[in-house]
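This is what each chain is made of:
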Amino acid sequence: MISDRLLQLVRCPDCGGRLGGRPPGLVCESCSRPFATDPDFLVLHPGITFAEQTKYLDAALHADARHERVTPPLLGARIRNDVLRSFLAPGPGDAVIDLGCGSGRTLVWNAGLGAYQAGIDVSPYFAREARAQADLVLGDLRRLPFAAGAFTKASALDVFEHLSRDALAGVLAEIARVLAPGGALFVYSHVRKNSRLAGGLRQINRLARWMERRGLVDLSRERLRKSDHLNPLADIPDLESAVAGAGFRIERIRYYTPLVGGFVENILVRAGEHWLAKRAAARVAAGGGGAGRDAAVRDVRAAVKRRAGESGPAYWGLRAVTWIMKIDLVLFGRVRSGPYFALLRHLPAEGGAP
C-alpha cells in the first residue's frame, strides 16, 4: 500500500528533495526527476547504478514463488522474529523501517504491535499480504529515499553479510541519517570468526551435501541465495569498530549457532521439500506433461505453506519443533560465535544533532 504518511517521509534518492504529486506520478521538487510508482509500492531507485548487486534480483531465486504468500512465523523465522520483538520492542509511537525487507513478511507479522512500519528492498518480490497491508518502497539501501530522522527504529535481517566493506559503511551511514538521535537498529547477521560450536554445523552441512549427491535433497536454491555473501566483518570487535564509525554502539548482543535448527532446516525440511517436489514432478510426467513440471512443484510447495499456516496438526507440529529449536539460544546464546543478534543504539553527535 502507499499511505499518506509514507508520502510525507520519502525523499528523492538523488538529491534529497521532497517529492511532489500523487501516485502514480511523483516528481522531485528540487531536481525535477520523475518517479513512476506501482499501485502497491513506491519505486525510488537512485539514478546511479551500483556495480555491487545482490543475487536477490535474480528471478531464479524466486522461481518457486515462496515469496508470494505470508504464513505464520515458524522454525528459524519465528526465532528471528521473537528476538527482534524482544530487542527492538516496536510499539505505539515508533516509526520502524525494515531494511532489506524481502517479501515483507516481518512487516505483516508485526503489524499488530502498534508501530508505524515501512519496508524497503532492492527487489520487487513482495508478498500479497505485504502489498495490501504495509508501506513498501523499491529502492537501494545505499541511497535511502527517506527524510533525515524519519524513523525511531530500524531492522536489518540477513543484510550485512551481502555487502562489501565499503557498501556496509555507506549503508550504516544512511541508516544513521534516517534514524532519529537515540534510535535503535536491530541486526541479524554474522561475522567470519566462529566458535568451536560451528564445527557441529559444518558436519550438518556436510551431511546435507552427501544427501544431495544421492538425490535426497536439493540445495541449489540455498547455494544461489548465499552465492553473493561477502562477509565483510572479521569478528565482533570488527563489528564494533564498523558500527562506531557510523555513530552506533552495540547495546545488546546474543549469539546464535543453530545446531538443532541447522539439522531441522538443512536436513529434515529440505528432505521433505524435495520428496514433495519429486512427487509433484512424477505426477506431471505420468500425465504426459512436461512444461507444467515447475508449476506443479510450485503448487505443491504453496499447498504445504498453506497447510502449515492453518491451525491444524502440521502447524502445531511445526510450533513444537520451533520451541525445540530455541534450545540453541538457551544453551549457546552467550558463546561468542559468527551468527549474532544485536541491538545498535544511534548516538547523538556532540551538540545534539544526529
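The structure contained in this document is the topic of the report that follows.

Analysis parameters
Residues numbered from 1 in each chain as written. Predicted model: local features only at pLDDT ≥ 70, side-chain atom pairs only at ≥ 80, totals over all residues. Heavy atoms only, no water. Helix = DSSP H or I, 4+ residues; strand = E, 2+ residues; numbered from the N terminus. Buried < 20%, exposed > 50% of the residue type's maximum accessible area, 1.4 Å probe, protein only. Contact = heavy atoms within 4.5 Å. Areas by Shrake-Rupley, 256 points an atom, 1.4 Å probe, with all protein chains shown as cover. Axes fitted to C-alpha atoms, helices over the stretch in contact; angles between N-to-C directions. Parallel < 35°, antiparallel > 145°, perpendicular 65-115°, else oblique. Left-handed = near helix turned anticlockwise from the far one by under 90°. Nonpolar A, V, L, I, M, F, W, Y, C, P; charged D, E, K, R; others polar. Pairing = 2+ DSSP bridges. Arc of directions from axis to C-beta. Polar contact = N/O pair within 3.5 Å; in protein donor to acceptor, adjacent residues only side chain to side chain. Patch = residues over 30% accessible without salt bridge, like charges linked within 9 Å, V, L, I, M, F, W, Y side chains within 5 Å. Salt bridge = Lys/Arg side-chain N within 4 Å of Asp/Glu carboxyl O. Phe/Tyr/Trp six-rings, centres within 6.5 Å; stacked < 30°, edge-to-face > 60°. Lys NZ or Arg CZ within 6 Å of the ring centre and 35° of its normal. Core = buried A, V, L, I, M, F, W, Y, C linked by side-chain atoms within 4.5 Å.

## Concerning the overall build of the protein chain
Inference 1: When its secondary structure is counted, the protein chain shows 12 helices and 11 strands.
Inference 2: Out of the 354 residues in the protein chain, the part that is buried amounts to 49%.
Inference 3: When contacts within the protein chain are restricted to residue pairs at least 6 apart in sequence, those whose partners lie at least 24 apart make up 74%.
Inference 4: In the form shown here, the protein chain has an accessible surface area of approximately 16400 Å², with 55% of it arising from carbon and sulfur atoms.

## Considering the packing of helix H2 (residues 75-88) against helix H11 (residues 313-325)
Inference 1: Running from N to C, H2 and H11 cross one another at 60°; their axes reach a closest spacing of 9 Å. By the angle between their directions, the pair H2 and H11 is classed as oblique. Both H2 and H11 take part in a crossing whose hand is right-handed. Along the contact surface, H2 presents Leu75, Gly76, Arg78 and Ile79, while H11 presents Leu318, Arg319, Val321, Thr322 and Met325.
Inference 2: Of the residues in the contact of H2 with H11, the class split is five nonpolar, two polar and two charged.

## Observations regarding the sheet that holds strand E5 (residues 95-99)
Inference 1: Taken in spatial order, the eight strands line up as E4-E7-E6-E5-E8-E9-E11-E10 in an open sheet, and their pairing is mixed. Only two strands of the sheet have a single partner each, and these edge strands are strand E4 (42-43) and strand E10 (248-255).
Inference 2: Of the strand pairs in this sheet, E5 and strand E6 (residues 116-121) are connected by five bridges, and their pairing is parallel. In the strand pairing of E6, alanine 95 is matched with tyrosine 116.

## Some details on helix H8 (residues 236-244)
Inference 1: Among all positions of H8, only Ile236, Asp238, Leu239, Ala242 and Val243 are buried. For H8, the angular spread of the buried residues around the axis is 150°, confining them to a single face.
Inference 2: Buried residues in H8 make contact with helix H5 (165-178), E10 and strand E11 (339-346).
Inference 3: Looking at where H8 begins, the residue whose side-chain oxygen comes 2.9 Å from the main-chain nitrogen of aspartate 238 is aspartate 235.

## Quick word on a nonpolar patch on the surface
Inference 1: Taken together, Leu207, Trp210, Leu216, Phe263 and Leu268 make up a surface patch of nonpolar side chains, about 440 Å² in accessible area.
Inference 2: For leucine 216, the position within the fold is in the loop between helix H6 (198-213) and helix H7 (220-226).
Inference 3: Residue classification places leucine 216 among the partly exposed positions, given a relative accessible area of 41%.

## A word on the packing of aromatic side chains
Inference 1: The final tally for this structure, using the stated rule, is eight aromatic pairs.
Inference 2: Here phenylalanine 41 and phenylalanine 126 contribute two aromatic rings whose centre-to-centre distance is 5.1 Å and whose plane-to-plane angle is 70°, an arrangement assigned as edge-to-face. Of this pair, phenylalanine 41 sits in the loop between strand E3 (34-36) and E4 while phenylalanine 126 sits in the loop between E6 and helix H4 (128-133), placing them 85 residues apart in sequence.
Inference 3: A relative accessible area of 3% means that phenylalanine 126 is categorised as buried.
Inference 4: Ring geometry for tyrosine 315 against tryptophan 316: centres 5.0 Å apart, planes inclined by 80°, an arrangement best described as edge-to-face.
Inference 5: Looking at tryptophan 316, the relative accessible area reads 48%, which means it is partly exposed.
Inference 6: Joined through ring pairs, the aromatic side chains of Phe87, Phe186, Tyr188, Tyr256 and Phe341 make up one cluster.
Inference 7: The ring centre of phenylalanine 50 lies 4.0 Å from the NZ or CZ of arginine 142, which sits over that ring.

## Regarding the nonpolar core
Inference 1: Counting 51 residues, the largest nonpolar core has Leu99, Phe146, Phe151, Phe160, Leu185, Phe248 and Tyr340 as the members making the most contacts within it.
Inference 2: Element by element, the count of residues in this core is highest for H5, at seven residues.
Inference 3: Not counting chain neighbours up to four residues away, the residues in contact with phenylalanine 146 comprise Leu6, Leu9, Val10, Arg11, Ile97, Ile120, Val137, Phe151, Arg177 and Val178.
Inference 4: Residues Ala184, Tyr256, Phe341 and Leu343 belong to the second largest nonpolar core, which totals 20 residues.

## Notes on the sheet that holds strand E2 (residues 25-28)
Remark on secondary structure: sheet strands pair via backbone hydrogen bonds, oriented parallel or antiparallel.
Inference 1: Overall, antiparallel pairing links the three strands, which are arranged E1-E2-E3 in an open sheet. Since the sheet does not close on itself, it has two edges, and those belong to strand E1 (19-22) and E3, each with one partner. In this sheet, adjacent strand axes meet at a mean angle of 25° when their direction is disregarded.
Inference 2: As defined by bridge partners, E1 adjoins E2 across four bridges and the pair is classed as antiparallel. In the strand pairing of E2, arginine 22 is matched with glycine 25.

## Description of the pattern of salt bridges
Inference 1: Under the criterion given, the structure shown has 13 salt bridges.
Inference 2: The partner of glutamate 251 in a salt bridge is arginine 345, with the nearest N and O atoms 3.0 Å apart. Of the two residues, glutamate 251 sits in strand E10 while arginine 345 sits in strand E11, which places them 94 residues apart along the sequence.
Inference 3: Several salt bridges converge on common partners, so that one network encompasses Asp38, Asp40 and Arg131.

## Thoughts on the side chain of aspartate 140
Inference 1: Here aspartate 140 shows up in the loop between strand E7 (135-138) and strand E8 (151-157).
Inference 2: For aspartate 140, the side chain forms a polar contact with the main-chain nitrogen of arginine 142, separated by 2.8 Å.
Inference 3: With residues near it in sequence (within four places) discarded, aspartate 140 still touches His45, Pro46, Phe50, Ile120 and Val122.

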